[in-house]
Amino acid sequence: MTEAVIRNKPGMASVKDMPILQDGPPPGGFAPVRYARRIPNKGPSAMAIFLAAFGAFSYGMYQVGQGNKIRRALKEEKYAARRAILPVLQAEEDERFVKEWKKYLEYEAEVMKDVPGWKVGESVYNSGRWMPPATGELRPEVW
Amino acid sequence: MASVVDAAGEPIPTSSVLMSAAKHIEITCMSENVEFLKCKKKDPNPEKCLDKGRQATRCALGVLKDLYQRCKDPMETYVGCMYYHTNEFNLCRKEQQAFEKACPLK
């Protein structure tokens, strides 16, 4: 009933004569729509891009080299200072060690005085070089 | 702890003092240090190199005392800066320049 009321055409004989109500294009049709690709062919060439990237990379590596030079100079300064004061520190340690070693040799002589043929302070190695004591008993607070 | 001298006026060879004066020690005590290192290379036994070690220590402590007498204030600021920054040379450049201007390296 409602379709006939909406699509009424005055003077229609039956429901089959109703005018058609459709959604369609406006008169004259729609405006034309472009759907073809249009990618422009301008801009830097491949060689230009490659040279720019290579240039940026080489500049970066050059800066890395310069920075390494500066860092090496700083490290060299630190190492040179350490080399300069090394003898003072080693001499101090030598004095302390000789004192401790003499005390230790006396202790060893006292402990081993009844052992026949025991040479106090004899090196346990056969190479003839002086080797620092291998156990940690001389400096238990360090080890 | 960041002082150069103890109560009697003798310079204390702490790490910051030694590192601050290291360039001076390197130049002034070059021969003593080289002799000590040669002796050590020949024989690492500490008892054999005691006298050369004493010479090296005497020279270095003499350098410290001499530096302290000649330029007390720049040295004290430099040692204080080194003590604060744990012997990083790069963080104490200003004090280092002032110290080396007052007591130049020969």
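Structure's up top.
The structure reproduced in this document is the subject of the present report. (Residues numbered from 1 in each chain as written. Chains lettered and ligands numbered in written order. Predicted model: local features only at pLDDT ≥ 70, side-chain atom pairs only at ≥ 80, totals over all residues. Heavy atoms only, no water.)

Some words on the overall build of chain B
The test is simple: Numbering goes from the N terminus for both helices and strands, where a helix is a DSSP run of H or I of at least four residues and a strand is a run of E of at least two. Whether a residue is buried, partly exposed or exposed follows from its accessible area with a 1.4 Å probe, protein chains only, as a fraction of its type maximum: under 20%, in between, or over 50%, in that order. Residue contacts follow a heavy-atom distance rule, with two residues in contact if any of their heavy atoms lie within 4.5 Å. Calculation of accessible area relied on Shrake-Rupley with a 1.4 Å probe; when residues are assessed, cover is drawn exclusively from the protein chains displayed. Only four residue types enter the tally: Lys and Arg on the positive side, Asp and Glu on the negative side, with His and both chain ends excluded. Each charge is placed at NZ for Lys, CZ for Arg, CG for Asp and CD for Glu.
Secondary structure summary: chain B contains six helices and zero strands in total. Written out in order from the N terminus, the α and β elements of chain B read α-α-α-α-α-α. Projected onto its principal axes, the C-alpha coordinates of chain B cover approximately 40 × 30 × 25 Å. Taken across its 106 residues, chain B has 41% of its residues classed as buried. In chain B, 61% of the contacts between residues at least 6 apart in sequence involve partners at least 24 apart. In the form shown here, chain B has an accessible surface area of approximately 5,900 Å², with 55% of it arising from carbon and sulfur atoms. Averaging the coordinates of the 16 positive side-chain charges in chain B and doing the same for the 14 negative ones gives two points 4 Å apart.

Points about helix α4 (residues 50-70) of chain B
Spelled out, the test is: The span you would expect from a helix comes to 1.5 Å times its residue count less one.
Taking 1.5 Å per residue, 21 residues should reach 30 Å; α4(B) reaches 30 Å between its end C-alpha atoms and fits that length. Where α4(B) is concerned, the buried positions are B:L50, B:G53, B:A56, B:T57, B:C59, B:A60, B:V63, B:L64, B:L67 and B:Y68. Where α4(B) is buried, its residues touch α2 (46-111) of chain A together with α1 (15-20), α2 (22-28), α3 (30-42), α5 (72-84) and α6 (93-102) of chain B.

What to know about the pattern of salt bridges
Quick note on the threshold: In what follows, salt bridge is the name for a side-chain nitrogen of Lys or Arg lying within 4 Å of a carboxyl oxygen of Asp or Glu.
Tallied over the entire structure, the rule returns 11 salt bridges over all chains. The partner of A:E77 in a salt bridge is B:R93, with the nearest N and O atoms 2.9 Å apart. On the criterion of chain membership, the pair formed by A:E77 in helix α2 and B:R93 in helix α6 is interchain, its members lying in two chains. Judged by relative accessible area, B:R93 falls into the partly exposed class, the value being 26%. With a closest N to O distance of 3.5 Å, B:R70 and B:D66 form a salt bridge. Here the residue B:R70 and the residue B:D66 both occupy positions in helix α4, the gap between them amounting to four residues, near one helical turn. Taking relative accessible area as the criterion, B:R70 reaches 43% and is therefore assigned partly exposed. For B:D66, a relative accessible area of 34% corresponds to the partly exposed category.

Describing the packing of α3(B) against α4(B)
All names here are of chain B. As a reminder of what qualifies: Note on definitions: angles span 0 to 180 degrees between N-to-C directions of axes, and those axes are lines fitted to C-alpha atoms, for helices only across the stretch in contact. If an angle is under 35 degrees, it is roughly parallel; if it is over 145, roughly antiparallel; if it lies from 65 to 115, roughly perpendicular; otherwise it is oblique. With the far helix as reference, a near helix turned anticlockwise by less than a right angle produces a left-handed crossing, and one turned clockwise produces a right-handed crossing. Side-chain classes are defined by residue name, with Ala, Val, Leu, Ile, Met, Phe, Trp, Tyr, Cys and Pro counting as nonpolar, Asp, Glu, Lys and Arg as charged, and the others, Gly among them, as polar.
α4 packs onto α3 with a crossing angle of 155° between their chain directions and a minimal axis gap of 9 Å. Classified by the angle between their axes, α3 and α4 sit roughly antiparallel to one another. Two packed elements cross with a definite hand, and for α3 against α4 that hand is left-handed. Judged by residue contacts, E32, N33, E35, F36 and C39 of α3 engage K52, G53, Q55, A56 and C59 from α4. The residue makeup of the contact of α3 with α4, split by class, is four nonpolar, three polar and three charged.

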